[in-house]
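# A closer look at the structure
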Amino acid sequence: MPLSSTCQNCAKSKVRCVRSSEESDICSRCARLNKQCVYRETGRRFKGFKKDRQIEALESRINELMTHSKLTPANQTTRGNATHSLNGEETDETRLDVIAQGLVNMETAQSLIDLYKSDMRLHFPFVVISSQVTASDLRQQKPFLFLAVLASAAYSNMPLQRLLGKEIRKVIASRMVLHGEVSFELLQGMLVFLAWSHYHSRPHRYTQFLQLAIGLMIELRLDRPPQTKTWKTALRFNTEYALDDEKYVRPSWGLDEQRAVVGCYYLSST
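Under the annotation held in an unreviewed UniProt entry, the protein carries the name Zn(2)-C6 fungal-type domain-containing protein and is attributed to Aspergillus caelatus. What UniProt states about the protein under its Subcellular location (unreviewed entry) heading is, verbatim, "Nucleus".

In structure tokens, the structure reads:
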């Protein structure tokens, strides 16, 4: 078995061990200090046991995952960002629909929507609901905005508002944080929830929700003018293009999108 390249005295002192020649049995330091120079035998370190334990742990984990996948019910399907279960378990969509849960009936929901249209919209005109839109229409078309309006307008019923606010936080965590959904409806609902958060009994994490709303606005690219292929082509190939030419009008966001951008600016600057 080969000897080590460093004697025990130099190794203990943590200094460089230099032999005067390859045939010499004593290093220059031990010769100078008149010490016994001893070289110990070397051997490869065996690491097989550690690798074997790692392989066994990985195999055990794989078997556990395979067993778990076989026991998972096969009657769950995913559509969009909500998970639907056929065995009656609570899902994101049923959690979102407070009418189906029985927290609010349609008559109460309609009165809260009317209250928002008549009184509350004047104080925060950045999310406008048309007078022709009923509670049933808003529930089907924009369910999260529907939930946010109900929670904001229910300030006279604190227990109900507390329950609706809890549902809003669940939906935000599921659709935005967990599934990473980006939609204009979420932005409108977030703005309404933030604008009337002082009505809630525990208006915690206002800054966190505001940053989520600003992130939605940026992800939707509402912080920059929209660009269409037609407008780019006309601008590139028409040498007589003029900004005041009615034939080539720059594309712009709709009124709802413009209100949402101003609403984000208003909330972040107050």
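There is more to say, and it comes next.
## Structural notes on the overall build of the protein
A tally of helices and strands in the protein yields 13 helices and two strands. Looking at the protein residue by residue over its 270 residues, the buried ones come to 33%. Summarising the internal contacts of the protein: among those between residues at least 6 apart in sequence, 59% fall at separations of at least 24. Of the roughly 18,300 Å² that the protein leaves accessible, carbon and sulfur atoms contribute 52%.

## Considering the UniProt feature "domain: Zn(2)-C6 fungal-type" (unreviewed entry) in the protein
Cross-referencing UniProt, the feature "domain: Zn(2)-C6 fungal-type" (unreviewed entry) maps to residues 6-39 in the present numbering. Helix makes up 35% of residues 6-39 and strand 0%, with an end-to-end C-alpha separation of 7 Å.

## So, the side chain of Ser197
By the element assignment, Ser197 lies in the loop between α10 (184-195) and α11 (206-219). You can call Ser197 buried: its relative accessible area is 11%. A polar side-chain atom of Ser197 sits 3.1 Å from the main-chain carbonyl oxygen of Leu194.

## With respect to the nonpolar core
If you look at the biggest cluster of nonpolar residues, it comprises 51 residues, and the most contacted ones within it are Phe146, Leu164 and Leu187. For this core, the secondary-structure elements that each account for two or more residues are α5 (98-101), α6 (106-120), α7 (135-141), α8 (143-153), α9 (158-178), α10, α11 and α13 (255-269). Setting aside residues up to four positions removed in sequence, Leu164 forms contacts with Val98, Val104, Leu147, Leu150, Ala151 and Ala154. Counting residues in hydrophobic clusters, the runner-up holds seven residues, among them Cys7, Cys10, Cys27 and Tyr39.

## Here's the deal with α11
Look at α11: 20 Å from first C-alpha to last across 14 residues, which is about the 20 Å you get at 1.5 Å a residue. Residues Phe209, Leu210, Ala213, Ile214, Leu216 and Met217 constitute the buried set of α11. All buried residues of α11 lie within an arc of 155° about the axis, which places them on one face of the element. Residues of α11 that are exposed and point more than 90 degrees away from the buried face comprise Thr207 and Glu219. Next to the buried residues of α11 lie α9, α10 and α13. Just downstream of α11 lies Arg221, where phi reads positive at about 60°.

## Some thoughts on unusual backbone geometry
Non-glycine residue Asn34 carries a positive phi angle of around 60°. Among the structural elements, Asn34 can be located in the loop between α2 (28-33) and α3 (48-71). On the basis of relative accessible area, Asn34 is assigned to the exposed category, the value being 73%. Despite not being glycine, Arg221 shows a phi value in the positive range, around 60°. As for its placement among the helices and strands, Arg221 is situated in the loop between α11 and α12 (229-237).

## Some words on the packing of aromatic side chains
All told, the structure shown has four aromatic pairs when counted by the stated rule. Taken together, a centroid distance of 6.3 Å and an interplanar angle of 55° make the contact between Phe124 and Tyr266 tilted. Highlighted residues: Phe124 in the loop between α6 and α7 and Tyr266 in helix α13, separated in sequence by 142 residues. Taken together, a centroid distance of 5.5 Å and an interplanar angle of 80° make the contact between Phe193 and Phe209 edge-to-face. Here Phe193 is found in helix α10, whereas its partner Phe209 is found in helix α11, with 16 residues between them in sequence. Put simply, the rings of Phe124, Phe126 and Tyr266 pair up and form one aromatic cluster.

Reading the values: rules and limits
Residues numbered from 1 in each chain as written. Predicted model: local features only at pLDDT ≥ 70, side-chain atom pairs only at ≥ 80, totals over all residues. Heavy atoms only, no water. UniProt positions renumbered as here; feature names shortened; annotations may be inferred. Helix = DSSP H or I, 4+ residues; strand = E, 2+ residues; numbered from the N terminus. Buried < 20%, exposed > 50% of the residue type's maximum accessible area, 1.4 Å probe, protein only. Contact = heavy atoms within 4.5 Å. Areas by Shrake-Rupley, 256 points an atom, 1.4 Å probe, with all protein chains shown as cover. Polar contact = N/O pair within 3.5 Å; in protein donor to acceptor, adjacent residues only side chain to side chain. Core = buried A, V, L, I, M, F, W, Y, C linked by side-chain atoms within 4.5 Å. Expected span 1.5 Å × (residues − 1). Arc of directions from axis to C-beta. Phe/Tyr/Trp six-rings, centres within 6.5 Å; stacked < 30°, edge-to-face > 60°.

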